[in-house]
Amino acid sequence: MTKRSARSTRPKDGRSLGMRITERFLPIFGPAQLGRHDADGRGVSDAERERDQELRTRFERVTGPDGRSYVVEHTD
C-alpha cells in the first residue's frame, strides 16, 4: 500500500496557492474598501475639490441599453 500525499487528495479548483492564502485571510481582514474623499476624519484639499468639480462637469454617467452604466465626455 502506498501513502498518498495531501496534495493528491486536495480538490483541483484552479486557484493558485497565493489566491488560496489570500482568501483564508479575508474573514480576518475583510475585503479592500474604498472610502469617500469627503468623509469625516479626513480633510479635503482645494485641489481635490477642483478636480472633482472638473470631472463632474466634463463627464457624465450614461446607462446603456443593456443596463450597464459608463462615463462619457460631454461633446458640447
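One can find the structure itself at the top, above this paragraph.
Residues numbered from 1 in each chain as written. Predicted model: local features only at pLDDT ≥ 70, side-chain atom pairs only at ≥ 80, totals over all residues. Heavy atoms only, no water.

Draft legend 1. Local environment of the pairing of strand 2 (residues 69–73). As paired elements, strand 1 (residues 59–63) and strand 2 share five bridges and run antiparallel to each other. By the bridge assignment, valine 62 is partnered in strand 2 with tyrosine 70. Connecting the antiparallel pair strand 1 and strand 2 is a turn made up of five residues, with glycine 67 showing a positive phi of about 95 degrees. (Pairing = 2+ DSSP bridges. Helix = DSSP H or I, 4+ residues; strand = E, 2+ residues; numbered from the N terminus.)

Draft legend 2. Spatial organisation of the environment of tyrosine 70. Along the chain, the position of tyrosine 70 falls in strand 2. Note: C-alpha distance between tyrosine 70 and glutamate 60 (ten residues apart in sequence) is 8.4 Å. With near-sequence residues (within four places) excluded, tyrosine 70 lies in contact with Glu60, Arg61, Val62 and Gly64. (Contact = heavy atoms within 4.5 Å.)

Draft legend 3. Up close: the packing of aromatic side chains. Across all of its chains, the model carries one aromatic pair by this definition. Centroid distance phenylalanine 25 to phenylalanine 29: 5.9 Å. Interplanar angle 45 degrees. Geometry classified as tilted. With phenylalanine 25 and phenylalanine 29 both in helix 2 (residues 17–29) and four residues apart, this pair spans about one turn of that helix. For phenylalanine 25, a relative accessible area of 42% gives the class partly exposed. (Phe/Tyr/Trp six-rings, centres within 6.5 Å; stacked < 30°, edge-to-face > 60°. Buried < 20%, exposed > 50% of the residue type's maximum accessible area, 1.4 Å probe, protein only.)

Draft legend 4. The arrangement of helix 2 in detail. In this model helix 2 runs 18 Å from its N-terminal to its C-terminal C-alpha over 13 residues, within 8% of the 18 Å that 1.5 Å per residue would give. One or two positions beyond helix 2, positive phi appears at glycine 30, with a value near 80 degrees. (Expected span 1.5 Å × (residues − 1).)

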